[in-house]
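Here's the letter readout for the chains.
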Amino acid sequence: MVQERAAFPTFSQEPIRLIDPDGRWVAPFPHGLSAQELRRFYRDMLAARLLDEKLVVLVRTGKTSFIAPHAGHEAAQVGIAHALQRGHDWLFPYYRDLGLVLAMGVPLPEIFGQTLGNAADPAKGRQMPSHPGSRSLNIFTVCSAIASHIPPAVGAAISMKLRRTGQVAVCTFGDGATSEGDWHAGVNFAAVQRAPVVFVCENNRYAISVNIAQQTASENIAIKAKAYGIPGYHVDGLDVLASYSVVRYAVERARAGEGPSLVELVVHRFGPHSSADDDTRYKSKEELSAERRQDPLLRYQRFLEREGLWDAQWANELRLEIAKELEAALQEAQAAGEPDPLQMFDDVFAARPWHLEEQRRLLAEELEA
Amino acid sequence: MPTVTLVQAINMALDEELRRDERVLILGEDVGRRGGVFLATEGLQQKYGPDRVMDTPLSEAAILGAAVGLAAHGMRPVAEIQFADYVFPGIDQLFSQAAKLRYRSGGQFTAPMVVRMPSGGGVKGGHHHSQSPEAHFAHTPGLKVVVVSTPYDAKGLLKSAIRDDDPVVFMEPKRLYRAVKEEVPTDEYLLPIGKAAVRREGRDITLVSYGGPMVETLKAAEEMAAAGVEAEVIDLRTVLPWDKEAVLASVVKTGRLLVVSEAPRTASIASEVAATVSEELFDQLLAPPLRVTGFDTPYPLAQDKLYMPTVTRILNAAKRLLDY
Ligand SMILES: Cc1ncc(C[n+]2csc(CCOP(=O)(O)OP(=O)(O)O)c2C)c(N)n1
C-alpha cells in the first residue's frame, strides 16, 4: 500500500477512517491491496472473534480461570499484526491482545496451553491466562502490571537503533495505561532518543469500569503525543484498513529513523473487562447494544461485499474451517497435561543458587512422601 | 599496580567492560558529560561516546525499564541510579519486569543487566541519601544483590555482574567511595558472585557483615584481638545468594555469631543469616546469634552517628556472646 505522508493527518479531531460504517472506501486514494490480502484480513479477524468465543466457553465450563476478551478489538489488532514485519520486528503486547498475537502467528496450541497453564505453554504455566509471549516471534511476554512494558519497549528500540538492526518495536496498551507514570517516562525517553518504537493505544474508552472521562481530560489519547514532540494519530480502530495503514505508516517512519509515534485506535470492548467482571454494573443496556451494532467484522464484511470478495457461503466455510482448527488446537493443548511441579524452581535465575536448590529438595521430598 | 579508591575501581571495571564488549552500555542521570555525581563514570563518555554512556531523562522508571528492554534485545546495560534512595520511582521496572522476565516467559526472555547504586549512610545525607534497601531487593526473587566494601572487590565483582546472565543490583556504600585505597590490578580478574571473603581468621567468635559497616566490624575485631579474643570476620559481599557455606563453616568453628549491618533490623539480611545459622547449627552454638543493625526508624540526620552500628555497640554485643 503506497501512502502519501500527508494522507494521514496528525492530531486530527475526527478519527482517521478509510472505510465508513456502510463499508464504503472513503479515502481519496486506492487501497492498493490484492484480493488475497483483503481476504486475509477478514480471515484473521474472524479467527480472532472465534478464538474469543471459544475462550469464553472455556471459562464458563471451568476449564480455565480467567480471560480478557478482545471482541470489538479485532480490526485494530489484525491491523497492527499486518503492519509489522512478523518475526523481525518486536511486539510488546498487553493482556487483551490474544487476537493480535494469533494474527502474528503464535500457534493456537500455544495460546490454549497458556490459557490452561499447562505443559503446552511455552512459558511453563507461570502466568495467568491472557499473558502470551513468544521468543521465536519476538513477542515480549505480557506482564500484568499496566504500562510496565512501555519502558522496556523503548529500551529494545534503543538497542535496535544503536545496532542498526532495521527493526521496530510496537507496543500496545489500553487507554487506562496512559495514566501510569511509566507510560509517560517511556514515551518521553523514546522521543528524546528518536527510538524506532510505535506506541499503539487500543482505546476502548474503559479501564475496567472507569470511563475515559475519568481517565483523562485530554481531548483524546493521540494528542498526548504533542507534549513529547512526536506525532499522534487518532484513528477509527473499528476500521481494519485504517488501523493497518496508519500503524504501518508509523512503523515504516520509525524504521526510516524518523522516531516514535503514538497511534490511537478507537475501539469497543464488547465483553466485560475480564471473565471476573460484570460490565452491566457500569454500562447501560443501550450503550452495550449501540456498541455491538458497530461490529468491526460487519463493517469489513460490507466493504468486502462491495469489492465482490464476500459471500455467505465462503464465509461459512471459513467459519467452519477456523472452528475445526480451534477445536483441534484445544485438544492438542489439553493433551499436554500438567507441567512438572519442580519446574517451579527453574528460570528464577539462569542457574539455581543453593537456597533454591534446598527449597526444591524440600518440595521434592514432600511430593515423594 | 595502581592504588585506587573504591569509586576509581568502579570506573576501571566499567572502562574495561565497555572496551571488551560492545554490547555493554551505561545509562543514567548525569553519567555522561559530568561523569556521574560521584564521578564513577568520569571520562567514559569522552572515550566511548554518548550512545554508550548515555545521559537519560530524569526518570528511574525510564532508566530501569529501558535497561530491561536493552537487555532483552541483547545488550548488556549498566544502569546507574544516582542514589539507592531514588530507585523507588523505578521499582516496578526492577521488581515486575527485570526480576520476573526470565520466570514469566519460561526462560524465553532474560534481562542481564546491572543496576549500580550508591547506598548507605554516613555522609550527612538525611534519609533520602542514606538508605540501605538491600533487603527489598533480596526479597524479590530473580534479583542478585551485591554490596561491596573494598576497591579490589568492587572491580572484580562489577565485571562479573556485567557478565552475569541475570539482573544484578550492585550496591556501592558511598561513604567508602574515597575512604580506602588499595592496590587494584589493571589486568583482568573476576570475582564470583555469591562468595564471601574471610577478612580475618579467628576461632572465638564469627562476625559477619557487608558494605559500609565492614569498617567498624574490622576495627572491633582488632580491639578484640588486643584483648585476646580472636574474631573471624566474614564480608558477605553478595547478600543474595549469600554464602551460607562460608558462614556455617566459620560458626561451626567458633560457636558464636554476630551479624552487623546498617540496614533496619526487621526482616533484614542480618535476620536471615541469624535465622539460618540458628536453624542449621542450633546444637553447636555456644550462644544465640545476635544482630547489630540500624534501627527500625527512617534514617535520621541529627542522630546519624547513633544510628549506624558503632564499634562500641559491636564490642558490647560480642561481649554478650562471649559471656553467655
Ligand atoms: C499497575 C496496575 N494497576 C492496576 C491493575 C489492575 N488492572 C488490570 S486491567 C486494569 C484496567 C486497564 O485498562 P486499560 O489500560 O484501559 O486497558 P483495557 O483493559 O481497557 O484494554 C486494571 C486497573 C494492574 N494490572 N496493574
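What counts and what doesn't
Residues numbered from 1 in each chain as written. Chains lettered and ligands numbered in written order. Predicted model: local features only at pLDDT ≥ 70, side-chain atom pairs only at ≥ 80, totals over all residues. Heavy atoms only, no water. Helix = DSSP H or I, 4+ residues; strand = E, 2+ residues; numbered from the N terminus. Rg over C-alpha atoms; globule rule 2.2 N^0.38 Å. Buried < 20%, exposed > 50% of the residue type's maximum accessible area, 1.4 Å probe, protein only. Contact = heavy atoms within 4.5 Å. Areas by Shrake-Rupley, 256 points an atom, 1.4 Å probe, with all protein chains shown as cover. Near = heavy atom within 4 Å. Polar contact = N/O pair within 3.5 Å; in protein donor to acceptor, adjacent residues only side chain to side chain. Nonpolar A, V, L, I, M, F, W, Y, C, P; charged D, E, K, R; others polar. pLDDT = per-residue confidence, 0-100. Salt bridge = Lys/Arg side-chain N within 4 Å of Asp/Glu carboxyl O. Pairing = 2+ DSSP bridges. Axes fitted to C-alpha atoms, helices over the stretch in contact; angles between N-to-C directions. Phe/Tyr/Trp six-rings, centres within 6.5 Å; stacked < 30°, edge-to-face > 60°. Lys NZ or Arg CZ within 6 Å of the ring centre and 35° of its normal.

A closer look at the overall build of chain A
In terms of helices and strands, chain A carries 13 helices and seven strands. Over its C-alpha trace chain A gives a radius of gyration of 21 Å, about what one expects of a compact globule, namely 21 Å for 369 residues. Classification of the 369 residues of chain A by burial places 59% in the buried group. In chain A, the share of contacts with a sequence separation of at least 24, taken over all contacts with a separation of at least 6, comes to 74%. Carbon and sulfur atoms form 50% of the exposed surface of chain A, whose accessible area is close to 14,700 Å².

Things to note about the site of the ligand
Residues and elements named next belong to chain A. The full set close to the ligand counts 16 residues, and Tyr 94, Tyr 95, Arg 96, Gly 176 and Tyr 206 are the nearest of them. Here Ile 146 contributes a backbone N or O atom positioned 3.1 Å from a nitrogen atom of the ligand. A distance of 3.1 Å separates an oxygen atom of the ligand from a polar side-chain atom of Asp 175. In the complex, the protein chains occlude 71% of the 590 Å² of accessible area that the ligand would expose alone. A breakdown of the residues in the shell around the ligand according to their chemical character gives eight nonpolar, five polar and three charged.

Notes on the confidence of the model for chain A
All names here are of chain A. For chain A, per-residue confidence averages 97 on the pLDDT scale, and residues scoring 70 or more make up 98% of the total. The spread of mean pLDDT over the elements of chain A runs between helix H10 (residues 285–293), the lowest at 95, and strand E3 (residues 197–203), the highest at 99. Note that residues 1–6 has pLDDT below 50 and, in this model, nine contacts with residues that lie over four places away or in other chains.

Focus on the pattern of salt bridges
What the rule picks out here adds up to 45 salt bridges over all chains. Across the pair A:Asp22 and A:Arg24 runs a salt bridge whose closest N-O atoms are separated by 3.1 Å. A:Asp22 gets classed as partly exposed once you look at its relative accessible area, which sits at 41%. Between B:Glu80 and B:Arg116 there is a salt bridge; the shortest N-O distance is 2.7 Å. Highlighted residues: B:Glu80 in strand E4 (residues 76–80) and B:Arg116 in strand E5 (residues 114–119), separated in sequence by 36 residues. For the pair B:Glu80 and B:Arg116, one class covers both residues: buried. Via salt bridges that share partners, B:Glu16, B:Glu17, B:Arg20, B:Asp21, B:Arg23, B:Lys155, B:Lys159, B:Arg163 and B:Glu188 belong to a single interconnected network.

Considering the sheet that holds strand E14 (residues 290–294) of chain B
Through backbone hydrogen bonds, the strands of a sheet pair up, either in parallel or in antiparallel fashion. Residues and elements named next belong to chain B. With mixed pairing, five strands are arranged side by side in an open sheet as E9-E11-E10-E13-E14. The open sheet has two edge strands with one neighbour each: strand E9 (197–200) and E14. If you compare each strand with its neighbour and ignore which way they point, the axes differ by 25 degrees on average. In terms of strand pairing, strand E13 (residues 257–264) meets E14 through four bridges, oriented parallel. When the sheet's bridge partners are listed, Pro 264 is paired in E14 with Gly 294. Packed on one face of the sheet, helix H10 (residues 269–281) meets E13 and E14 and runs near 155 degrees to E13.

Some details on helix H4 (residues 108–116) of chain A
Residues and elements named next belong to chain A. Counting buried residues along H4, seven of its nine residues qualify, which places the element largely inside the surrounding structure. Among the residues of H4, Leu 108, Pro 109, Ile 111, Phe 112, Gly 113, Gln 114 and Thr 115 are the ones counted as buried. Turning to H4, the residues buried within the fold contact helix H1 (35–60), helix H3 (98–104) and helix H12 (312–335). Among the residues trailing H4, Gly 117 stands out with phi positive, at a value near 65 degrees.

A look at the packing of aromatic side chains
Under the definition given, this model contains 25 aromatic pairs over all chains. Relative to B:Phe137, the ring of B:Phe95 lies with its centre 6.3 Å away and its plane at 80 degrees, an arrangement referred to as edge-to-face. Of this pair, B:Phe95 sits in helix H4 (residues 91–98) while B:Phe137 is found in helix H6 (residues 134–138), placing the two residues 42 residues apart along the sequence. Overall, the relative accessible area of 0% leaves B:Phe137 in the buried class. Through successive ring pairs, a cluster of aromatic residues spans A:Phe8, A:Trp25, A:Phe29, A:Tyr42, A:Tyr233, A:Tyr249, A:Tyr300, A:Phe303 and A:Trp314. It is A:Arg126 that lies over the ring of B:Tyr103; its NZ or CZ is 4.0 Å from the centre. One Lys or Arg, A:Lys226, reaches over the ring of A:Phe11 and ends 4.9 Å from the middle of that ring.

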